[in-house]
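# What the coordinates show
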Amino acid sequence: MRVDLYEKLMRAGASRRDVLKGAASMAAIAAASGAGLGALTRPAAADDSLRAKILQIPGVGKGQPTDADFQKVGELCLEATKANVKEGEFAGVELTFMGLNNQNLHNVLFRGFLKPWEAYTGAKISWIDLAQADYNARLQQSIATGTVDFDVIEMGAPFEGDVCGKGLTSEMPDWVKKQIDFDDLVNYLKPPVGTWNGKQYRVTIDGDAHNFNYRTDVFSDSELAAAWKADSGDKAGLAEWGVPKTWQQVQAVTKFLKGKKFKGQDIYGYLDAPKPWGGFGFYFLGSRATAYAKHPDDKAWLFDADTMKPRVNNPAWVRAIQDVIDALPSEPADQINADPNTTAFQQFLAGTGSMIPWWGDVGSNVKTNDSSVIGDVTGFSILPGSDDVYNSKTGKWDKLASGPNYAPNCAYLGWGVYVMARVDSDEKKKKAAWSAAAHLGGKDLSLWCAAYPSGFQPYRNSHFNIPEWVAAGYDEAFISSYLKSEADSYNHPNAAIEPRIPGIFQYYSAAEDILANTFAGKMKAQEGADAIAAAWEKLTDQIGRENQVKLYKASLGM
C-alpha cells in the first residue's frame, strides 16, 4: 500500500489494525473515506500473451492472491505438461509431497498450482506440511531412520549432501530438463548446484540471496537529516543522512534512531532476528558477518577449506555477534523473541523498523501483500559492506584499496523440488512425480511466483525483464532497484557461497541454540562463538572430516 493512502485512511479514522485486516476491509474503509482504491490499481496490459495474462492474476495492487488465483495460474500454465503427458495418463497414481507451509505459502500455493494438473493427469497428491522451524528436524529424522515416506520433496540445495549424497533421490530425466527450460537458470544456480556426483536431481523453483531492504522515506527525511547533522555521536563515516553503506554505519544509524519519532510513530533502525528458526535463523547472523569474514582473496569464510576448522569464532564472526548484542537495546521491545518471519512480515511490512536483510520475498510482498504499508517507500541494495575485512590467512584486519568490502550472502541457494528414488521402480509413478515437479518449476509459472507473495524470488534470466513487471503493475524505479539488488548479489565476485555439505543444518541448528543464549546475555560474544566452534568440530568428526573437506572445497569451486 502507498504510504500517502495509508496516511489518508488513518486520518479518516482507521486504525493500523483495520488497515492490516486485508483488502476487503481496506476497500470498505476507503469507500467510507472517499479515498477510493483506484489509485492502487493499474489498467490491464494490452498484451494478452500467457506471461502477461498470468501476471494480471490478480494484478499488483488488487489484493493478495487467493487459492482461486493459484488454480487459475496452474491451469493456464499446463500446456508444457500436456506436451509430455496424455490426459488421464496417471490415473490411479498416488503421490505424497512433503514441503513447507510457511506464512501460508509454499505448499499452499503448490496445492493450487497442482489441482489442474491432478485433474488433467488423473494423479492424486497427499500432503505433508511443515513449519519452517520443524522442517530440518523432520527431514533429518527421515534420513536417519530410513523412513522416507514421501515421493516428492520441496528442499533446498544445502540438504543435497544429506539426501542426494545418500542415494535417496531420483535422477532427472532429459525430458524434464527440456520442459522446464533448464538453461534459463541464472549462473550461480546451475551445476554443481542441484547435482551430486555429476547427476542432476533438482527442479529449481527459487533463487536465494539476502539483499538489503530499507525505508526510502526515513532516509530522505529532512528532520532526521538535521538531527543527524547536529548529532555528535559516532557516524561511522556517514557524513550526510542517507542509506547506510556499511555495517558500521548500520550500527550508528540504529543507535541514533533509538527513541526518535517519524511521522508520529516510534522509528527504529535495523531489525535483528535473534530467535532460533530451525537452523534458518543462522543465515541472518551470516548476513551481518560475511562483509567482515569473506575476504576477496579467500573463497572460504565459514570453515577453513583445508581442515574444516570452524571460522565462526574468529574475530570477524565475533564482531558480528557483538553487533547484534550492541544493537538489540536500540531495537523494538522484545526483539530478542523475533524470528525472521516476525521481522519481515509483522514488523518491516507493517512499518516498524527501517532496515532488514531478507531473501527476495520482501521485494514482492511490499507491493502485493495485504499487510504492507510501505509499498512506495522501500528501496533495495546488496548487503552493506565493511570498512575492513578479516584475513584468516594472516590473522589481521585488512583495509582494501578499493574501499569497503562487500560480500553478499548467497544464503540457501533457493528451494527446489526433488523426486525420491523410491519411485524409480514404478515407471508410471516416476513419470508422474517428475511431471508434477516440472509443472511447479515451469518457466511461465515461475515468473508469477517471483512477482507475487510465494516464498520464492527471481532465479531465471527471463525474470529480469523489467517491462514484464511494469506491465504487471510494478513501477519501473521500484522494480529496477529490486531486481538490480538481486542480480548484483547473485553475480558479485566476492559472494559468500552456501556450503553444500552433509549435515550443514546440524551445524546451523547447533549454532542457533548457542546464539540464543548469547544474545540473551548468558554468554559473552567470544564465549558463544567458541562454544559453536566446539560443537561444529564434534559434528565434523562424527560426519567424517576428510570427506567434509573434499565436499566443502567442491562446493566452493576449489
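Okay, so let's go over this structure. (Residues numbered from 1 in each chain as written. Predicted model: local features only at pLDDT ≥ 70, side-chain atom pairs only at ≥ 80, totals over all residues. Heavy atoms only, no water.)

This next bit is on the overall build of the protein. Counting secondary structure elements, the protein contains 23 helices and 16 strands. Computed over its C-alpha atoms, the radius of gyration of the protein comes to 23 Å, within 12% of the 24 Å expected for a compact globule of 558 residues. With respect to the principal axes defined by its C-alpha atoms, the protein has extents near 70 × 65 × 40 Å. Classification of the 558 residues of the protein by burial places 60% in the buried group. The long-range share in the protein, meaning contacts at least 24 apart out of those at least 6 apart in sequence, stands at 75%. About 20,700 Å² of surface is accessible on the protein, with carbon and sulfur atoms providing 49% of the total. Mean positive and mean negative side-chain charge positions of the protein (58 and 67 charges, respectively) differ by 1 Å. (Helix = DSSP H or I, 4+ residues; strand = E, 2+ residues; numbered from the N terminus. Rg over C-alpha atoms; globule rule 2.2 N^0.38 Å. Buried < 20%, exposed > 50% of the residue type's maximum accessible area, 1.4 Å probe, protein only. Contact = heavy atoms within 4.5 Å. Areas by Shrake-Rupley, 256 points an atom, 1.4 Å probe, with all protein chains shown as cover. Lys, Arg positive; Asp, Glu negative; His and termini not counted. Charge placed at Lys NZ, Arg CZ, Asp CG, Glu CD.)

A separate point is the pattern of salt bridges. Charged atoms that come close allow side chains of opposite charge to pair. Under the counting rule described, the total for this entry stands at 27 salt bridges. For aspartate 475, the salt bridge is made with lysine 367, and the minimal N-O distance between the two is 2.9 Å. Residue aspartate 475 is located in the loop between helix H19 (466-472) and helix H20 (476-490), and its partner lysine 367 is located in helix H16 (residues 361-368); the two are separated by 108 residues in the primary sequence. Linked through salt bridges whose partners overlap, the residues forming this network are Arg51, Asp444 and Glu468. (Salt bridge = Lys/Arg side-chain N within 4 Å of Asp/Glu carboxyl O.)

What follows covers the environment of leucine 271. Positionally, leucine 271 belongs in the loop between strand S9 (265-266) and helix H13 (282-293). Overall, the relative accessible area of 2% leaves leucine 271 in the buried class. Separated by 73 residues in the primary sequence, leucine 271 and alanine 344 have C-alpha atoms spaced 8.9 Å apart. For leucine 271, the contacting residues outside a window of four places in its chain are Glu331, Pro332, Gln335, Thr343, Gln347, Phe348, Thr352, Gly353, Met355, Ile356 and Pro357.

In total, this model carries 51 aromatic pairs according to the counting rule given. For the ring pair tryptophan 358 and tryptophan 359, a centre distance of 5.3 Å and an interplane angle of 85 degrees mean the geometry is edge-to-face. Both residues of the pair, tryptophan 358 and tryptophan 359, count as buried. Over the ring of phenylalanine 256 we find lysine 260, and its NZ or CZ is 4.1 Å from the ring centre. It is arginine 319 that lies over the ring of tyrosine 292; its NZ or CZ is 4.7 Å from the centre. (Phe/Tyr/Trp six-rings, centres within 6.5 Å; stacked < 30°, edge-to-face > 60°. Lys NZ or Arg CZ within 6 Å of the ring centre and 35° of its normal.)

Attention shifts here to the nonpolar core. Generally speaking, nonpolar side chains in soluble globular proteins are found buried as a group. Within the largest apolar cluster, 168 residues are counted, with the highest numbers of intra-cluster contacts made by Phe113, Tyr135, Leu139, Phe282 and Trp448. Non-local contacts of phenylalanine 282, meaning those with residues more than four positions away in its chain, are made with Leu302, Val312, Trp317, Tyr508, Ala511, Glu512, Leu515 and Trp536. (Core = buried A, V, L, I, M, F, W, Y, C linked by side-chain atoms within 4.5 Å.)

Among the nine residues of helix H15 (residues 340-348), eight are classified as buried, and the element is accordingly described as predominantly covered. Of the positions making up H15, those classed as buried are Pro340, Asn341, Thr342, Thr343, Ala344, Phe345, Gln347 and Phe348. Against the buried residues of H15 lie strand S7 (211-215), H13, strand S10 (355-358), H16 and strand S11 (378-381). A side-chain oxygen of the first residue of H15 lies 3.1 Å from the backbone nitrogen of asparagine 341; this N-cap is aspartate 339. (Polar contact = N/O pair within 3.5 Å; in protein donor to acceptor, adjacent residues only side chain to side chain.)

So, on to unusual backbone geometry. Cis geometry is adopted by the peptide bond preceding proline 58, which originates at isoleucine 57 and carries an omega value of 0 degrees. Inspection of the secondary structure assignment puts proline 58 in the loop between helix H4 (50-54) and helix H5 (67-76). Unusually for a residue other than glycine, aspartate 181 sits at a positive phi of about 55 degrees. Looking at where aspartate 181 falls in the secondary structure, it is placed in the loop between helix H10 (174-179) and strand S4 (195-196). Residue class for aspartate 181 comes out partly exposed when judged on its relative accessible area of 28%.

One open sheet accounts for three strands, arranged S10-S7-S11; its pairing is antiparallel. Looking at strand neighbours, the two that pair on one side only are S10 and S11, the edges of this open sheet. Across this sheet, the average inter-strand angle for adjacent strands is 25 degrees, counted without regard to direction. (Pairing = 2+ DSSP bridges. Axes fitted to C-alpha atoms, helices over the stretch in contact; angles between N-to-C directions.)

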